[in-house]
Amino acid sequence: SGCLRVGDLGCSGSVCAAMAGTRYFLISLPVLDSPASIWSSLQQSISRIAFDTPAYKFHVPELRVGTLDSLLSLSDDLVKANAVVEGVTHKIRRQIEELERASGSDAGQLSVEGVPIDSYVTRFTWDEAKYPLMTPLRDISDIIQENVVRLEDDLKVRVAEYNTVKSQLNAINRKQTGSMAVRDISNLVKAEDIISSEHLNTLLVVVSKYSQKDWLSSYETLSSFVVPRSSKKLQEDNEYALYTVTLFRKVSDTFKTCARERGFQVREFEYDPEAQQKREEERQCLINDQENMRTSLQQWCHASYGEIFSCWMHLCAIRLFAESILRYGLPPRFLAVVLAPRAKSEKKIFSMLDNLAGERNSSYWKGDEDAGMMSLIGGDTEVHPYVSITINLLG
């Protein structure tokens, strides 16, 4: 009695090497005679039509069935829960990819407690410590969903904190890398470039790259009391050049007005080396904060991805169990397998499974009336004489 406990892992054909696919199918096939017979038939069929398709037995333990009414109600909820859990799983994976692009580093392959994801899928084992077998299926589903909600909330908080620091640093960097007309120019000016006394002061003027001759020939005449030959170029970018000019304080406003009328921009600037040093220290502090938070977030995402992927696989196992009972009846007798066909072989594999399950499933598979049943029990997409759940690692 009870569903088949397939703890003995098997892989079809000679393709037992490490499998790093991105799309897997959890399949449940009805067992009328013996699990060894249908496993052998499956292996033979795969080797005949798509020999490079890895197939593993998928361990589904003997879970608590409850009533068929409760299973029917749960099955619909499991489809919705799966969509949520899958969505958060992909959200964390995408965050890892984004962090790796930002740092230009690869933090290593995704895993569940050190087991690579592809191995975890193909060698899945139910975690009885977390989810005792006698716990009602709805309770297990609720525990999984609560855990996923907690992880998603934690992710939102951590990403928001990281993005805040990142935005602050980007704003500072933009000020230092924009055009001369808008960027922070404090790091371009040295003490010896500035004269500031009771009567004299130095202004900083942004001049179009193509108007520099005009500036040099006219700045001394824009107002009275301009110190002759006092203009010096400090910096030049693709659009503008930054010049100094020294004049009497009392004519500064007049000079600014006349310069503006001629298309020259006088930047408001006060030389303050202490403030400049403080700004640089703040920038360096933000750089350190961003790097520390990025590393911390990346580590958290890797650990949390393993945790949420485990949640997802347990939820899929519950779905496979519940839908197999609703499909094949009690007592639960089915063979669960995980297949990873190449995209070009998928149609051939599905057709083969239709034939394989159809032969064994005539007492359950009635045709039109079962199509209505399948709309209730939440198969993935198309209606087949077997149960199928798709796992897209890349979403």
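A short tour of the structure in this document, coming up. Note that the structure is predicted; figures quoted are calculated from it, not measured.

1. A word on the sheet that holds strand E1 (residues 23-30)
Phase 1: Spatially, the four strands line up as an open sheet ordered E2-E9-E1-E10, and their pairing is antiparallel. Every interior strand has two partners, whereas the edge strands, strand E2 (55-57) and strand E10 (387-392), have only one. Averaged over all neighbouring strand pairs, the angle between strand axes comes to 25°, with direction disregarded.
Phase 2: As paired elements, E1 and strand E9 (residues 334-339) share six bridges and run antiparallel to each other. Within the sheet, the bridge partner assigned to Leu 26 lies in E9 and is Val 338.
Phase 3: Here helix H1 (residues 35-49) sits on the sheet in contact with E1, E2 and E9, set at roughly 30° to E9.
Phase 4: Across the sheet, helix H7 (residues 273-328) lies against E1, E9 and E10, angled at about 165° from E10, the strand it touches most.

2. Topic: the nonpolar core
Phase 1: Within the largest apolar cluster, 77 residues are counted, with the highest numbers of intra-cluster contacts made by Phe 58, Trp 126, Ile 144, Phe 309 and Leu 353.
Phase 2: A total of 19 residues in this core trace back to one element, the largest contributor, which is H7.
Phase 3: Formed by 16 residues, the second largest nonpolar core is a distinct cluster that contains Tyr 219, Tyr 243, Ala 259 and Phe 264.

3. Notes on the environment of Thr 125
Phase 1: With respect to the secondary-structure elements, Thr 125 resides in the loop between helix H3 (117-122) and helix H4 (137-177).
Phase 2: When residues no more than four places from it in sequence are discounted, the contact partners of Thr 125 are His 59 and His 314.

4. Some words on helix H6 (residues 252-261)
Phase 1: Residues of H6 that are buried include every one of Ser 252, Phe 255, Lys 256 and Ala 259, and no others. Summarising the axial view, the buried residues of H6 lie within an arc of 100°, below the 170-degree limit, and thus occupy one face. In this structure, H6 carries Asp 253 and Glu 261 as exposed residues pointing more than 90 degrees from its buried face.
Phase 2: Where H6 is buried, its residues meet strand E5 (200-208), helix H5 (212-218), strand E7 (240-248) and strand E8 (265-267).
Phase 3: Residue Gly 263 follows H6 closely and has a positive phi angle near 90°.

Conventions used here
- Counting restarts for each chain, with residues numbered from 1 along the sequence as it is written.
- At least 70 in pLDDT is required for a residue's local features to be given in this predicted model, at least 80 for side-chain atom pairs to be given and counted, and no such filter applies to totals for whole chains, interfaces and linings, which use all residues.
- Think of the side-chain values as coming from all heavy atoms in the structure, minus any hydrogens and water.
- Two strands pair if DSSP finds at least two bridges between them.
- Secondary structure counts use DSSP, requiring at least four H or I residues in a row for a helix and at least two E residues in a row for a strand, with both numbered from the N terminus.
- All axes here are fitted lines through C-alpha atoms, helices being fitted over the stretch that makes contact, and every angle between N-to-C directions spans 0 to 180 degrees.
- A contact between two residues is defined here by any heavy atoms of the two lying within 4.5 Å.
- What makes a nonpolar core is a set of buried Ala, Val, Leu, Ile, Met, Phe, Trp, Tyr and Cys residues whose side-chain atoms join them at distances within 4.5 Å.
- Burial classes follow relative accessibility: with a 1.4 Å probe on protein chains only, a residue under 20% of its type's maximum area counts as buried, one over 50% as exposed, and anything between as partly exposed.
- Starting at the helix axis, one direction is taken to each C-beta atom, and the arc is that of these directions.

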